[in-house]
Amino acid sequence: MAANMYRVGDYVYFENSSSNPLLIRRIEELNKTANGNVEAKVVCFYRRRDISSTLIALADKHARELEEEMENPEMRDLPEKQKHQLRHRELFLSRQLESLPATHIRGKCCVTLLNETEALKSYLDREDAFFYSLVYDPQQKTLLADKGEIRVGNKYQADITDLLKEGEDDGRDLEKMEEKIWDPNSSLTEKQIDQFLVVARSVGTFARALDCSSSVRQPSLHMSAAAASRDITLFHAMDTLHATGYDMTRAIAALVPQGGPVLCRDEMEEWSASEANLFEEALEKYGKDFTDIQQDFLPWKSLTSIIEYYYMWKTTDRYVQQKRLKAAEAESKLKQVYIPNYNKPNPNQLSNNVKPALVNGAAGTAGTVGTAGTAVPGPPGSVPTPGLGRACESCYTSSSYQWYSWGPPNMQCRLCASCWTYWKKYGGLKMPTRLDGERPGPNRNNMSPHGLPLRHSGSPKFAVKTRQAFYLQTTSLTRMARRTCQDIIRPRYMARHPYLPVNTAAIKAECALRLPDRPKKPLPLKPVERKPLESVVRYLEAHPRPSKPNPPTRGGSISTGSLTPIKSSPILNNGSPTILGKRTYEQHNGLDGAKSKVLAPQWDIMAKRMSEAVRPSSSLQDEVHELD
């Protein structure tokens, strides 16, 4: 019951595709729609497979820097398999919010900010455990370090000086290290200081009455007096009192200089109403991420100004009002939702009743036994089935109680039940596959379902479609330059250093000097007249292949009478059997070896049949002489 109860703040799996890995999200809100369904407002987390290769390289660089700071040799000693699986546990936080149906939830997981004091291997030891350290922006396609990272290590520690011994003098100049702004031991009493502060507030109220912009923002005397009583006015008064040596007469004169009373305004007064609305909207979206607030909403404000305004805004009635509204909305929203287990079969599940020749999956039904007489292990309470066809693309096992189709359809790959669960949760395979790169293990491109090597000649059934093939055709001048300027090109040296640039301009100039008598116009090519295809076919029909003598045999010969005679079936286009005849298995598959001796009498029969054909007419003989 508790496992199927999902609350706000939980990290959960969402399924949006039957073949793709599960999505990882954090529940922010649970809302009930008008038709009675429950929708979850979630924060998106992205996997490595969801971002571009450029950002993956940036993430790997950040991981290497983090590894150097941690100075943890355990990460370097991890096997390649565990390093490969550790990449599946890394996520990237985003500020993107989306709404998904709560019925698509498929379970809970755990996502934590990468702790620099924790071993990365500990995430592999825990099921459904993920970590993140970078923030991904889907719109800008950027990766940034999370501002909430815990700064642990020698790099972030303060340098503490040694304790002075008794009677030892401090050789540092303390006046350069700090600045005194208030003297509590002055000649003024507390009552005199309070009286001076009242005078400073009065001067501030009068200054706002004289200022046109302030009179528009604070049209009443009450609002002007409240603004003049803020901390910025009191700080200015105390700084003035300290600067004048705590002389009341000089301090009051400094409050009202020759040009008029001094007006001190803080960020709360400097910001307009539209800027305040933008700040509240940005705070709703980004929280206390002031850097993003400045970049996306208030680029004309400094970061110091935004932070100062935030802490002043928290003391206003506007903040208290919004806090009450949010609390009321939270009371009306759902706190938790119950989602039952999802038990419908996956469309990628391969049927156990289909023949292996038709579908790349397991054959047989539940309760059968393998050909070797051993049962295939399965989950508790299930009856195993034998594993026919290809092995699992991840763990190479050929036995599983259930198989799932995986990857492009033309590759006909499949996964066992355990590797399919790993793929759905972590977005990868336990070991690299041919889609990710080469790995140790059998070459599945050249293996039959029975494990025998196959030879094929570029059939699209066995290979994945790659980029379009092309070739480079050089001009005659380029070929001549390769021979006349070998001392400059140095073809053997350049072949061993393919990334070195070649100065083509110098080679072209040198070739022009060494070939001064070359014709300005290219020589015309001699046209070649080719006979039409019909003439070639008639020529081949009139000149069949001569009969081959029987090869000598050891210990007797094979008579033609012992063979089944070939039926008098018409030959396609009456062509030569060497061109249009059916090829043997060895010729079709490109295997080496001589033709079978049993086929020799058949060639005699074919030659005899061609020799008994009617002789060509006179017009055909003339055409044959032309071909000769």
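These figures come from a predicted structure and were not determined experimentally.

A. Structural context of the overall build of the protein. Within the protein one finds 25 helices and 11 strands. Taking all 628 residues of the protein together, 29% fall into the buried category. Considering only contacts within the protein whose residues lie at least 6 apart along the sequence, 61% involve residues at least 24 apart.

B. View of the pattern of salt bridges. The full count for this structure, using the stated rule, is 20 salt bridges. Between Glu-127 and Lys-425 there is a salt bridge; the shortest N-O distance is 3.8 Å. Of this pair, Glu-127 sits in the loop between α4 (121-125) and β7 (129-137) while Lys-425 sits in helix α16 (residues 417-426), and the two are 298 residues apart along the sequence. As a salt-bridge pair, Arg-318 and Glu-280 come within 2.9 Å of each other at their nearest N and O atoms. Of this pair, Arg-318 sits in helix α15 (residues 317-332) while Glu-280 sits in helix α12 (residues 273-286), and the two are 38 residues apart along the sequence. Taken together, the salt bridges that share partners define one network made up of Glu-15, Arg-106 and Lys-424.

C. Structural view of α16. With seven of 10 residues buried, α16 lies mostly within the body of the structure. Among the residues making up α16, those that are buried are Ala-417, Cys-419, Trp-420, Tyr-422, Trp-423, Lys-424 and Tyr-426. Those residues of α16 hidden inside the fold are in contact with α3 (80-88), β7, β10 (403-406) and β11 (413-416). Of the residues flanking the end of α16, it is Gly-427, one or two places downstream, whose phi is positive at about 75°.

D. Representation of unusual backbone geometry. Look at Lys-141: it is not a glycine, yet its phi comes out positive at around 55°. Mapped onto the secondary structure, Lys-141 falls in the loop between β7 and β8 (142-145). Its identity as a non-glycine residue notwithstanding, Arg-490 has a phi of 50°, on the positive side. As for its placement among the helices and strands, Arg-490 is situated in the loop between α18 (486-489) and α19 (491-496).

E. A look at the environment of Glu-267. Structurally, Glu-267 can be placed in helix α11 (residues 267-270). You can call Glu-267 buried: its relative accessible area is 17%. C-alpha of Glu-267 to C-alpha of Tyr-310: the two residues are 43 residues apart in sequence and 9.2 Å apart in space. Every residue in contact with Glu-267, bar those within four places of it in the chain, is listed here: Ser-305, Glu-308, Tyr-309 and Met-312. At a separation of 2.9 Å, a polar atom in the side chain of Glu-267 contacts the side chain of Trp-271.

F. Seen up close, the packing of helix α6 (residues 190-210) against helix α10 (residues 248-255). Put simply, α6 and α10 touch, their axes get as near as 10 Å, and they point 15° apart. Regarding the angle of α6 to α10, the classification is roughly parallel. By crossing handedness, the relation of α6 to α10 is classed as right-handed. Listed contacts from α10 to Gln-192, Phe-196, Val-199, Ala-200 and Val-203 of α6 are Met-248, Ala-251, Ile-252 and Leu-255. Among the residues forming the contact of α6 with α10, the class breakdown is eight nonpolar, one polar and no charged.

G. Broad picture of the nonpolar core. Counting residues in each nonpolar core, the largest one holds 15 residues, and the members touching the most others are Ile-24, Phe-45, Leu-91, Cys-109, Val-111 and Phe-130. Those elements that place two or more of their residues in this core are β2 (11-14), β4 (38-46), β5 (90-101), β6 (105-113), β7 and α16. Residue contributions to this core peak at three residues, all from β7.

H. Structural view of the pairing of β10. In terms of strand pairing, β10 meets β11 through four bridges, oriented antiparallel. Note that in β11 the partner of Trp-406 across the bridge is Cys-413. A loop of six residues connects β10 with β11, the two strands running antiparallel in sequence, and Gly-407 in this loop sits at a positive phi of about 85°.

I. Spatial organisation of empty space enclosed by the protein. Taken as a whole and assessed by the stated rule, the structure comprises two cavities of 30 Å³ or more. Space inside the second largest cavity adds up to approximately 70 Å³. Along the walls of the second largest cavity sit Ala-200, Val-203, Gly-204, Arg-208, Thr-233, His-236, Leu-255, Val-262 and Cys-264, which together make up its complete lining. Elements with a minimum of two residues in the lining of the second largest cavity: α6 and α9 (231-243). Top element by residues in the lining of the second largest cavity is α6. It accounts for four residues. For the lining of the second largest cavity, a count of residues per class yields five nonpolar, three polar and one charged.

J. Here's a closer look at the packing of aromatic side chains. This structure, assessed with the given rule, holds 20 aromatic pairs. Ring geometry for Tyr-13 and Phe-130: centres 6.3 Å apart, planes at 75°, overall edge-to-face. One end of the pair, Tyr-13, is in strand β2; the other, Phe-130, is in strand β7, with 117 residues separating them in the sequence. Overall, the relative accessible area of 2% leaves Tyr-13 in the buried class. Ring pairing ties together the aromatic residues Trp-271, Phe-279, Phe-290, Tyr-309, Tyr-310, Tyr-311, Trp-313 and Tyr-319, which thus form one cluster. A cation over a ring is seen here: Arg-126 above Tyr-123, with NZ or CZ 4.9 Å from the ring centre. Over the face of the ring belonging to Trp-403 we find Arg-414, whose NZ or CZ atom lies 3.4 Å from the ring centre.

K. Focus on a nonpolar patch on the surface. A grouping of Leu-533, Val-536, Val-537 and Leu-540 is seen on the molecular surface, where their side chains present a nonpolar patch of about 320 Å² in accessible area. Mapped onto the elements of the fold, Leu-533 is located in helix α21 (residues 533-542). We classify Leu-533 as exposed; its relative accessible area is 63%.

L. Structural context of the pairing of β6. As paired elements, β2 and β6 share four bridges and run antiparallel to each other. Bridged to Tyr-13 within β6 is Gly-107. Examined bridge by bridge, β6 and β7 share four bridges and lie parallel to one another. Counterpart to Cys-110 in the pairing with β7 is Ala-129.

M. Region of the structure containing the packing of α9 against α10. Two numbers describe how α9 lies on α10: the axes approach to 9 Å, and their chain directions differ by 135°. Put simply, α9 runs oblique to α10. At the point where α9 passes α10, the crossing takes the right-handed sense. Where α9 approaches α10, its residues His-236, Thr-240 and Leu-241 are matched on the opposing element by Met-248, Ala-251, Ala-254 and Leu-255. Tallied by class, the residues present in the contact of α9 with α10 amount to five nonpolar, two polar and no charged.

What counts and what doesn't
- Residues numbered from 1 in each chain as written.
- Predicted model: local features only at pLDDT ≥ 70, side-chain atom pairs only at ≥ 80, totals over all residues.
- Heavy atoms only, no water.
- Helix = DSSP H or I, 4+ residues; strand = E, 2+ residues; numbered from the N terminus.
- Buried < 20%, exposed > 50% of the residue type's maximum accessible area, 1.4 Å probe, protein only.
- Contact = heavy atoms within 4.5 Å.
- Salt bridge = Lys/Arg side-chain N within 4 Å of Asp/Glu carboxyl O.
- Polar contact = N/O pair within 3.5 Å; in protein donor to acceptor, adjacent residues only side chain to side chain.
- Axes fitted to C-alpha atoms, helices over the stretch in contact; angles between N-to-C directions.
- Parallel < 35°, antiparallel > 145°, perpendicular 65-115°, else oblique.
- Left-handed = near helix turned anticlockwise from the far one by under 90°.
- Nonpolar A, V, L, I, M, F, W, Y, C, P; charged D, E, K, R; others polar.
- Core = buried A, V, L, I, M, F, W, Y, C linked by side-chain atoms within 4.5 Å.
- Pairing = 2+ DSSP bridges.
- 1 Å grid on protein atoms, 1.4 Å probe; cavity = no way out; pocket = protein on both sides within 12 Å on 5 of 7 lines; lining within 4 Å.
- Points joined across faces, edges and corners; volume = space filled by probe spheres on them.
- Phe/Tyr/Trp six-rings, centres within 6.5 Å; stacked < 30°, edge-to-face > 60°.
- Lys NZ or Arg CZ within 6 Å of the ring centre and 35° of its normal.
- Patch = residues over 30% accessible without salt bridge, like charges linked within 9 Å, V, L, I, M, F, W, Y side chains within 5 Å.
- Areas by Shrake-Rupley, 256 points an atom, 1.4 Å probe, with all protein chains shown as cover.

So yeah, pure geometry; function would need other evidence.
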